[in-house]
Amino acid sequence: QVHIVESGGGLVQPGGSLRLSCTVNGNFVGVGDLGWTRQVPGKQSELVAAISRGGFTNYDDSVKGRFTISRDSSKVTAYLQMDALKPEDTAVYFCRAEVETRRVPQGQVYWGQGSQVTVSG
């Protein structure tokens, strides 16, 4: 089985910073793209940032220059450093991981449990 473990999030004032982390645990062969989407009630989910196995990154225009996604040397943990946070960044952030297993060698998407990020004050 594969489990996605998220941590981070919380309440911060506008202009502040938070860091999210996401780790793939369990039985798997490899990890492809890692990233985060965010969901606000009543709005469509949007991809915030993603990083490929090779380290290529992609950001939504709304977070470019403020958010930084990275991946550790093990390749199974990703981080989302969020700086200069704005009230409109308030959302539940979900880690998205493309994981290759022996049963599904081409990979499939797994999701974390979600982390609440609230920018207010």
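Preceding this paragraph is the structure being described.
Everything quoted here is computed from the prediction, not taken from an experiment.

K.L.:
I'd like to hear about the overall build of the protein, residue by residue, with values.
P.N.:
Helix and strand content of the protein: 0 helices and 11 strands. When its helices and strands are written in sequence order, the protein yields β-β-β-β-β-β-β-β-β-β-β. Over its C-alpha atoms the protein spans a radius of gyration of 14 Å, differing by no more than 12% from the 14 Å that the globule rule assigns to 121 residues. Reported as C-alpha extents along the three principal axes, the dimensions of the protein are approximately 45 × 25 × 20 Å. Considering only contacts within the protein whose residues lie at least 6 apart along the sequence, 55% involve residues at least 24 apart. The protein carries 12 positive and 11 negative side-chain charges, and their two centres are separated by 4 Å.

K.L.:
An account of the sheet that holds strand β7 (residues 67-71) is needed here, citing residue identities and associated values.
P.N.:
With respect to topology, 4 strands assemble into an open sheet ordered β1-β3-β8-β7, the strand pairing being antiparallel. Strand pairing shows two members of the sheet lacking a second neighbour, β1 (2-8) and β7, which therefore form its edges. Here the average twist between neighbouring strands, direction ignored, is 15 degrees.

K.L.:
Give me the lowdown on the nonpolar core, citing residues and values where you can.
P.N.:
In this structure, Ile 4, Val 24, Trp 36, Phe 67, Leu 80, Met 82 and Tyr 93 are the most contacted members of the largest nonpolar core, which totals 30 residues. Considering each element in turn, this core owes the most residues, 5 residues, to strand β9 (residues 91-100).

K.L.:
Tell me about the pairing of strand β4 (residues 30-39), residues and numbers included.
P.N.:
Among the 10 residues of β4, 8 are classified as buried, and the element is accordingly described as predominantly covered. Inspection of the sheet shows β4 paired to strand β5 (residues 46-51) by 5 bridges, in the antiparallel sense. Each bridged residue has a counterpart across the sheet, and for Arg 38 the counterpart in β5 is Glu 46. Taking the residues that link successive antiparallel strands as the turn, the β4-β5 hairpin has 6 residues, and the phi of Gly 42 there is positive, at about 85 degrees.

K.L.:
So what's going on with the pattern of salt bridges? Residues and values would help.
P.N.:
A side chain of one charge can pair with a side chain of the opposite charge if their charged atoms are brought near each other. Counted by the stated rule, this structure contains 6 salt bridges. Glu 100 is the partner of Arg 53 in a salt bridge, and the nearest nitrogen-oxygen pair spans 2.4 Å. Separated by 47 residues along the polypeptide, Arg 53 in the loop between β5 and β6 (57-59) and Glu 100 in strand β9 bring together distant segments of the chain. On the basis of relative accessible area, Arg 53 is assigned to the partly exposed category, the value being 40%. Judged by relative accessible area, which is 17%, Glu 100 ranks as buried. Each of the salt bridges in this network shares a partner with another, and the network as a whole consists of Arg 38, Glu 46, Arg 66 and Asp 89.

K.L.:
So what's going on with the side chain of Thr 77? Which residues, and what values?
P.N.:
Turning to its location among the elements, Thr 77 is positioned in strand β8 (residues 77-82). Of note is the side chain of Thr 77, whose polar atom sits 2.9 Å from the side chain of Thr 23. What Thr 77 contacts, discounting residues up to four positions off in sequence, is Cys 22, Thr 23, Leu 34, Ser 70, Arg 71 and Asp 72.

Definitions and limits used
Residues numbered from 1 in each chain as written. Predicted model: local features only at pLDDT ≥ 70, side-chain atom pairs only at ≥ 80, totals over all residues. Heavy atoms only, no water. Helix = DSSP H or I, 4+ residues; strand = E, 2+ residues; numbered from the N terminus. Rg over C-alpha atoms; globule rule 2.2 N^0.38 Å. Contact = heavy atoms within 4.5 Å. Lys, Arg positive; Asp, Glu negative; His and termini not counted. Charge placed at Lys NZ, Arg CZ, Asp CG, Glu CD. Pairing = 2+ DSSP bridges. Axes fitted to C-alpha atoms, helices over the stretch in contact; angles between N-to-C directions. Core = buried A, V, L, I, M, F, W, Y, C linked by side-chain atoms within 4.5 Å. Buried < 20%, exposed > 50% of the residue type's maximum accessible area, 1.4 Å probe, protein only. Salt bridge = Lys/Arg side-chain N within 4 Å of Asp/Glu carboxyl O. Polar contact = N/O pair within 3.5 Å; in protein donor to acceptor, adjacent residues only side chain to side chain.

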